[in-house]
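Overview (structure and organization)
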Amino acid sequence: MMTTAHRLLSVCISLTLCAALGTGCSRSTHTTSVLAAEQPGAETAARIERGKLIFDQTPKYAAAYVGNQMACGNCHLQSGTVPFASPLIDVAGLFPMFSKRAGRTITLEDRIQECFTRSENGHPLPHDSEEMRSLTAYINSLSRNPVQGVPFPGRGLVKLPELAGDPVRGQTVYAAQCASCHGAEGAGIPPMLPPVWGPGSYNDGAGMDTIEKAAAFVQHNMPQNQPGSLTPQQAFDVAAFLRSKPRPKFNPIYKQY
């Protein structure tokens, strides 16, 4: 049976945040989250709740390891629960897994390090740190027992046709659909609306800096008040525009991540 703390946590998880790469400051009814049915008994509710805080407000609660204004929840929407917005439901059971980028088999902790050194433009979390333990506790809490090694049906991002993005057209789409929240200079309004280029954004080693991934994220999840309203071509154009803008450089000393 679920404890009172777990019931409270389930309610907490259902709260939403404004999140990454898109427009419209109003709440969306399109990105419906899917929540875990049970919490792992080995993890305490307090640690899971702390992990969720770190996930949603990474620059505040893991400040020593973050080098920009990006939170985990900016790319993994609604605390990592939205299908086709890189959800983390059932992800814990897929590790260890082979990483093409790293060229080796990695653990869940290794994958978190990738996010901190790339998307957060920061430093790796020590494996024995309270931040790492809390994040892994939260991610484990999103696994629906007894699911193990089976991908969540909404895992990752939507599949789009292979298209060529045009940054000039993308600038026009961005001005009409994105700038109202993320600003003409891409700075956003952190922490609610993240920057999409500039010093506060993800670095050029992040997955979101690839046009294909950014386009898939944008097309399905943005603009936030009308997700899915952009055509695949418009999404590729916006992604190409974002790719053309300045952002921090990935630190090569972390290339193992």
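Before reading on, note that the structure itself is shown above.
Figured I'd write up the structure that's included with this text. (Residues numbered from 1 in each chain as written. Predicted model: local features only at pLDDT ≥ 70, side-chain atom pairs only at ≥ 80, totals over all residues. Heavy atoms only, no water.)

Topic: the overall build of the protein chain
Keep this limit in mind: We count a stretch as a helix when DSSP gives it H or I for four or more residues in a row; a strand needs E for two or more, and each element gets its number in order from the N terminus. Between buried and exposed lies partly exposed: a residue is buried under 20% and exposed over 50% of the maximum accessible area for its type, with that area taken using a 1.4 Å probe on protein chains only. Two residues form a contact once any of their heavy atoms are found within 4.5 Å.
Per the secondary structure count, the protein chain includes 10 helices and two strands. Every one of the 257 residues in the protein chain was classed for burial, and the buried ones make up 53%. For the protein chain, long-range pairs separated by at least 24 residues make up 72% of all intrachain contacts whose partners lie at least 6 apart in sequence.

Looking at the packing of helix H2 (residues 45-56) against helix H6 (residues 130-141)
As a reminder, the rule being used: Inter-axis angles, ranging from 0 to 180 degrees, are taken between N-to-C directions of lines fitted to C-alpha atoms, where helices are fitted over the stretch in contact. Put simply, angles under 35 degrees are roughly parallel, angles over 145 are roughly antiparallel, angles from 65 to 115 are roughly perpendicular, and the rest are oblique. Following the grouping adopted for this structure description, the nonpolar residues are Ala, Val, Leu, Ile, Met, Phe, Trp, Tyr, Cys and Pro, the charged ones are Asp, Glu, Lys and Arg, and the polar ones are all others, Gly among them.
Here H2 crosses H6 at 100°, and the two axes come no closer than 7 Å. With respect to their mutual orientation, H2 and H6 come out roughly perpendicular. Taken together, the residues of H6 that come into contact with H2 (itself represented by Arg47, Ile48, Arg50, Gly51, Lys52, Ile54 and Phe55) are Glu130, Glu131, Arg133, Ser134, Leu135, Ala137, Tyr138 and Ser141. In terms of residue class, the contact of H2 with H6 is built from six nonpolar, three polar and six charged.

Considerations on the nonpolar core
Heads up, the rule is: We define the nonpolar core as a collection of buried residues of types Ala, Val, Leu, Ile, Met, Phe, Trp, Tyr and Cys that are connected through side-chain atoms lying within 4.5 Å of one another.
Core analysis: the largest hydrophobic core is formed by 29 residues, its most contacted members being Leu77, Tyr174, Trp197, Met208, Phe217 and Leu242. Mapped onto this core, the elements with two or more residues apiece are helix H7 (167-177), helix H9 (211-221) and helix H10 (232-243). Counting residues per element, this core draws most heavily on H10, at six residues. Of all hydrophobic cores here, the second largest spans 23 residues; its members include Ile48, Val91, Ala102 and Tyr138.

Considerations on the environment of Ser119
Tracing the sequence through the fold places Ser119 in the loop between helix H5 (108-117) and H6. Take Ser119: its relative accessible area is 17%, and that puts it in the buried class. Each C-alpha atom of the pair Ser119 and Gly67 lies 9.3 Å from the other, and the pair is 52 residues apart in sequence. Residues contacting Ser119, with those up to four places away along its chain left out, are Asn68, Met70, Glu114, Tyr202 and Ala206.

Considering unusual backbone geometry
Cis geometry marks the peptide bond from Phe95 to Pro96, where omega comes out at 0°. Position of Pro96 relative to the elements: it lies in the loop between helix H4 (77-80) and strand S1 (97-99). Its identity is not glycine, yet Ser86 carries a phi of approximately 55°, on the positive side. Its place among the elements puts Ser86 in the loop between H4 and S1. Look at Ser86 and you get buried, because its relative accessible area is 19%.

What about the packing of aromatic side chains?
Where we set the bar: Paired rings are identified among Phe, Tyr and Trp, the last through its six-membered ring, by centres lying within 6.5 Å, and are further divided according to the angle between planes into stacked (under 30 degrees), edge-to-face (over 60) and tilted (the rest).
One pass over the full model with this rule turns up four aromatic pairs. With 5.7 Å between their ring centres and 55° between their planes, Phe55 and Tyr138 make a pair best called tilted. Here the residue Phe55 occupies a position in helix H2, and Tyr138 occupies one in helix H6, the gap between them amounting to 83 residues. Accessibility expressed as a relative area gives 2% for Phe55, which makes it buried. Taken together, a centroid distance of 5.5 Å and an interplanar angle of 90° make the contact between Trp197 and Phe241 edge-to-face.

Considering the pattern of salt bridges
The cut-off we apply is this: Criterion for a salt bridge: a side-chain nitrogen of Lys or Arg within 4 Å of a carboxyl oxygen of Asp or Glu.
Throughout the structure, instances matching the rule amount to 10 salt bridges. Residue Glu114 pairs with Arg111 through a salt bridge whose shortest N-O separation is 3.3 Å. Of this pair, Glu114 and Arg111 both sit in helix H5, three residues apart, which is roughly one turn of that helix. Take Glu114: its relative accessible area is 3%, and that puts it in the buried class. The exposure class of Arg111 is partly exposed, given its relative accessible area of 30%.

Side note on the packing of H7 against H10
For the pair H7 and H10, the least separation of the axes is 7 Å and the interaxial angle reads 100°. By the angle class used here, H7 and H10 are roughly perpendicular. Contacts between H7 and H10 involve Pro167, Arg169, Gly170, Gln171, Val173 and Tyr174 from the first element and Gln233, Gln234, Asp237, Val238, Ala240, Phe241 and Leu242 from the second. Across the contact of H7 with H10, the residue classes break down as seven nonpolar, four polar and two charged.

A closer look at the environment of Asn74
As a reminder of what qualifies: Identification of polar contacts relies on pairs of N or O atoms within 3.5 Å, with a donor-acceptor requirement for protein atoms, meaning one able to donate a hydrogen and the other able to accept it, and with residues adjacent in sequence counted only if both atoms are side-chain atoms.
Mapped onto the fold, Asn74 is located in the loop between helix H3 (58-61) and H4. Under the relative-accessibility criterion, Asn74 is labelled buried at 3%. Linking Asn74 and Asp56, residues 18 residues apart in sequence, is a C-alpha distance of 7.8 Å. At a separation of 2.8 Å, a polar atom in the side chain of Asn74 contacts the main-chain amide nitrogen of Ala71.

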